[in-house]
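Chain by chain, the residues run as shown.
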Amino acid sequence: MPEPQSSAAASGGNGRLRNAFGGVLCAFTLLLIGVLAFSIRLFSVIKYESVIHEFDPYFNYRVTQFLSKNGIYEFWNWFDDRTWYPLGRVIGGTVYPGLTLTAGTIWWLLNSLNIPLSVETVCVFTAPIFSANASWATYLLTKEAKGSGAGLMAAAILAMVPSYISRSVAGSYDNEAVAIFALIFTFYLYIKTLNTGSLFYATLNALSYFYMVCSWGGYTFIINLIPMHVLLCIVTGRYSSRLYIAYAPLVVLGTLLAALVPVVGFNAVLTSEHFASFLVFIILHVVALVYYIKGLLTPRLFKVAMTFVVTVGLAVCFAVAAILIALVASSPTKGWSGRSLSLLDPTYASKYIPIIASVSEHQPPTWPSYFMDINVLAFLVPAGIISCFLPLSDASSFLVLYLVTSVYFSGVMVRLMLVLAPAACILSGIALSEAFGVLTRSMKFQRPTSDDGSSTAGHGSSNTPANSEAVSKEKPSKKNRKKDKDSEGSSPVDPRTEEKLLVLPCGPSAVGIMLLIILSGFYVVHCVWAAAEAYSAPSIVLTSRSHDGLHVFDDFREAYGWLRHNTDVDDKVASWWDYGYQTTAMANRTVIVDNNTWNNTHIATVGTAMASPEKAAWEILNSLDVKYVLVVFGGLIGYPSDDINKFLWMVRIGGGVFPHIKEADYLRDGNYRVDSHGTPTMLNSLMYKLCYYRFVETDGKGFDRVRRYEIGKKHFKLTHFEEVFTTHHWMVRIYKLKPQKNRVRGKLKLKSSSKTSYVRKTAGKKSPWQ
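Within an unreviewed UniProt entry, the label attached to the chain reads dolichyl-diphosphooligosaccharide--protein glycotransferase, and the organism entered is Urochloa decumbens. The annotation that UniProt attaches to the chain under Subunit (unreviewed entry) is "Component of the oligosaccharyltransferase (OST) complex." What UniProt states about the chain under its Catalytic activity (unreviewed entry) heading is, verbatim, "a di-trans,poly-cis-dolichyl diphosphooligosaccharide + L-asparaginyl-[protein] = N(4)-(oligosaccharide-(1->4)-N-acetyl-beta-D-glucosaminyl-(1->4)-N-acetyl-beta-D-glucosaminyl)-L-asparaginyl-[protein] + a di-trans,poly-cis-dolichyl diphosphate + H(+)".

The next point concerns the nonpolar core. Counting residues in hydrophobic clusters, the biggest one holds 176 residues, and the most contacted among them are Phe 187, Phe 556, Tyr 692 and Phe 721. The contacts of Phe 556, once residues within four sequence positions are left out, are Ser 539, Ile 540, Leu 542, Tyr 579, Gln 582, Val 632, Tyr 639, Met 731 and Val 732.

Here we take up the pattern of salt bridges. For the structure shown, the criterion picks out 21 salt bridges. Its salt-bridge partner being Lys 689, residue Glu 614 comes within 3.7 Å of it at the nearest N-O pair. Placement of Glu 614 in helix α30 (residues 614-623) and of Lys 689 in helix α33 (residues 686-692) is noted, with a sequence separation of 75 residues between them. When its relative accessible area of 5% is taken as the criterion, Glu 614 is described as buried. Taking the relative accessible area as the measure of exposure, Lys 689 reaches 13% and is therefore buried.

Moving on: the packing of helix α29 (residues 600-611) against α30. Angle between the axes and distance between the axes: these two values describe a pair of packed helices. Closest axis-to-axis distance for the α29/α30 pair is 7 Å, and the angle between their directions is 150°. When the axis of α29 is compared with that of α30, the two are roughly antiparallel. You can see that α29 and α30 cross each other, and the crossing is left-handed. Together, Thr 605, Thr 608 and Ala 609 of α29 and Ala 617, Ile 620 and Leu 621 of α30 make up the contact between the two elements. Its residues assigned to classes, the contact of α29 with α30 comprises four nonpolar, two polar and no charged.

Okay, the packing of aromatic side chains next. Enumeration over the complete set of coordinates arrives at 33 aromatic pairs. Both rings, one in Phe 556 and one in Tyr 639, keep their centres 6.4 Å apart while their planes meet at 75°; by these two values the pair is edge-to-face. With a gap of 83 residues between them, Phe 556 in helix α27 (residues 555-566) and Tyr 639 in the loop between β7 (628-632) and α31 (643-657) connect regions that are remote in the sequence. Pair check on accessibility: Phe 556 and Tyr 639 agree, each one buried. Counting every residue linked through ring pairs, the aromatic cluster contains Phe 633, Tyr 688, Tyr 692, Tyr 693, Phe 695, Phe 716, Trp 730 and Tyr 735.

Next up on the list: α27. At 3.6 residues per turn, the α-helix brings residues three or four places apart onto the same side. Under the 1.5 Å per step criterion, the end-to-end length of α27 is 16 Å for 12 residues, consistent within 8% with the ideal 16 Å. Those residues of α27 that sit buried are Asp 555, Phe 556, Ala 559, Tyr 560, Trp 562 and Leu 563. Projected down its long axis, α27 shows its buried positions confined to an angular sector of 150°, all on one face.

Before going further, it helps to examine the pairing of strand β4 (residues 549-553). Strand direction decides the pairing type here: strand β3 (residues 542-546) and β4, joined by five bridges, are antiparallel. Paired with Leu 542 across the two strands is Phe 553, which belongs to β4. Counted between consecutive antiparallel strands, the loop separating β3 from β4 contains two residues.

What counts, and at which threshold
- Residues numbered from 1 in each chain as written.
- Predicted model: local features only at pLDDT ≥ 70, side-chain atom pairs only at ≥ 80, totals over all residues.
- Heavy atoms only, no water.
- UniProt positions renumbered as here; feature names shortened; annotations may be inferred.
- Core = buried A, V, L, I, M, F, W, Y, C linked by side-chain atoms within 4.5 Å.
- Buried < 20%, exposed > 50% of the residue type's maximum accessible area, 1.4 Å probe, protein only.
- Contact = heavy atoms within 4.5 Å.
- Salt bridge = Lys/Arg side-chain N within 4 Å of Asp/Glu carboxyl O.
- Helix = DSSP H or I, 4+ residues; strand = E, 2+ residues; numbered from the N terminus.
- Axes fitted to C-alpha atoms, helices over the stretch in contact; angles between N-to-C directions.
- Parallel < 35°, antiparallel > 145°, perpendicular 65-115°, else oblique.
- Left-handed = near helix turned anticlockwise from the far one by under 90°.
- Nonpolar A, V, L, I, M, F, W, Y, C, P; charged D, E, K, R; others polar.
- Phe/Tyr/Trp six-rings, centres within 6.5 Å; stacked < 30°, edge-to-face > 60°.
- Expected span 1.5 Å × (residues − 1).
- Arc of directions from axis to C-beta.
- Pairing = 2+ DSSP bridges.

What follows is the structure, given as structure tokens:
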């Protein structure tokens with residue numbers, strides 16, 4: 001008897017040792033995945049320098065600078081008079097503070113530890129740090145659904161996916177840098193609570209949701225997706241107390257915390273984006289009440305009670321629905337924000353809100369963009385969906401629902417490819433893990449056998465020949481035979497039965513493993529290329545390659561540096577809203593509009609000025625106390641994202657407020673042209689003149705390398721504006737408004753004697769414009 005106990009103890013010790021080794025190996029793998037996620041996003045710093053990218057990050061960087069210098073109380077009460085002149089902007093009440101508070105806290109902790117990093121350095125590396133956190137959160141979420149193997153695979157895929165790299169590369173200091181981590185971590189805590197029924201995880205889930213609300217406006221995706229999953233569980237008969245614990249605290253505590261964020265406030269309970277969560281909250285309580293009553297009453301009494309509950313419930317639902325309908329009907333947009341309506345109706349923005357439709361990242365994606373951003377994951381996702389149904393659990397059904405909704409929203413707006421990326425990585429990780437598991441098990445259980453038919457490993461090798469001979473001589477009774485059959489049926493899995501189920505031969509299994517490894521290799525190569533070439537170049541510094549080497553275009557910083565050193569501190573600069581954040585942060589000058597786009601009338605005024613003739617444009621800009629006008633022009637070097645290509649959006653936005661601006665006046669036979677076939681309205685607009693002034697001097701022809709033809713009006717002069725600075729590659733051009741007195745040229749010629757006498761009478765008076 002001691003021998004079996006000692007062997008069992010030894011096998012138990014081996015199992016514990018194996019589990020400990022597996023845990024250490026898993027932790028080490030996660031550490032490597034975090035290092036990979038961080039390092040693959042450093043190409044921009046290595047190739048260029050440690051700078052902030054894009055447009056919005058410069059505002060976030062400026063706000064973080066203010067926070068680190070003045071403290072959090074000054075940040076909440078900060079009124080910025082350098083933006084949206086003369087209106088200004090209350091920063092603390094109009095921003096999502098999660099990114100700023102996160103980076104500010106990291107900077108404070110590092111300086112407390114005597115690590116003197118600058119605010120800019122912390123801002124540059126915040127996104128790569130949180131990309132590692134997002135990978136680990138992906139592991140936790142996938143592990144809850146399909147185990148550690150699938151979790152590791154999904155984390156490794158997310159660490160490299162190009163769609164996420166585009167928003168988390170070093171220097172991309174935008175809200176999504178921390179919001180994607182918060183999104184995935186909130187989903188993990190929801191699934192963890194759903195699997196365990198722990199109120200502790202439910203509280204953490206509400207806090208994680210609060211962090212997501214602080215970080216990004218995309219939190220509405222969470223507060224609509226989770227109710228959809230709860231409703232799906234109720235409809236399919238999967239209600240449980242764990243579902244109640246996972247959802248009810250999230251709605252109550254999460255909504256209360258969300259209302260504390262100034263930019264959200266009472267919108268957390270008043271806007272239509274949040275109504276689905278409250279409706280499902282009511283339905284969940286009704287279902288919970290029904291299950292509770294069912295456990296207390298007999299079936300006959302339960303029917304009577306159900307009739308009463310249904311009657312009262314319908315009355316209450318009708319009353320609540322009437323109140324909601326009245327509230328919603330009182331709003332022109334039925335309680336939905338413009339951005340939400342543009343997601344539900346893809347044509348809404350182009351019809352009613354051109355300012356939203358004008359942003360390139362708000363356009364629908366093309367099919368090549370899917371291959372660019374998620375690559376081979378598009379082919380692995382269907383296999384992952386099938387794996388989630390084998391078997392279907394609460395966690396796996398949530399992953400499928402997450403994927404389906406994110407696919408729809410990514411098809412509406414290319415920016416929301418970022419929401420699709422984690423779902424695609426999780427489903428692809430599950431598919432690869434299942435495929436590798438099946439193929440490796442097929443090879444494992446098809447090992448060579450000995451001559452007597454037993455496996456070389458020998459499951460029954462512990463039996464001696466005498467014992468086996470004695471067993472063969474003993475004839476089992478029918479009762480014992482039946483017990484043996486029952487015990488065999490109740491055993492977990494017989495190796496021989498499993499070997500029969502896995503019918504893949506060894507050769508095809510090896511080929512399948514090699515094909516999966518090659519497919520993964522192609523994915524890695526594409527991700528590294530995307531990180532190094534496609535998404536590492538900052539928009540503030542442009543590069544191009546030609547036969548004579550690499551060319552660097554640093555015109556933006558050249559222009560902003562000129563403004564900072566050659567203009568007065570109180571001077572106002574007008575430009576299209578795309579460049580407002582950069583002008584304020586890098587040139588430290590007051591701007592009329594910026595990337596916040598909260599006041600459509602103000603932006604329409606600037607667009608009208610750009611679309612008007614020179615004299616009318618001068619009057620509009622002068623009324624706004626503008627001293628300098630900045631335009632971006634790419635016709636000399638072939639930069640396509642210049643103001644001429646954006647000009648029609650200025651016309652549409654301006655025409656939406658000022659009806660005398662009509663888009664048809666700038667089109668010739670429905671085509672937008674700036675060559676000799678351009679309309680007189682187009683060729684006389686301020687935008688045309690500021691971009692093409694003296695352009696013919698560059699090559700003698702005025703050939704536009706973006707539009708690929710010679711411009712229409714080549715030789716003209718400016719009467720109300722004067723050129724004060726043009727960058728080296730003509731990308732940024734800055735003009736100064738001439739003062740009023742310089743508009744009068746030559747002597748006045750008066751014909752009538754009355755006019756002459758009037759001039760003599762007023763000759764001694766000083767002009768009010770002087």
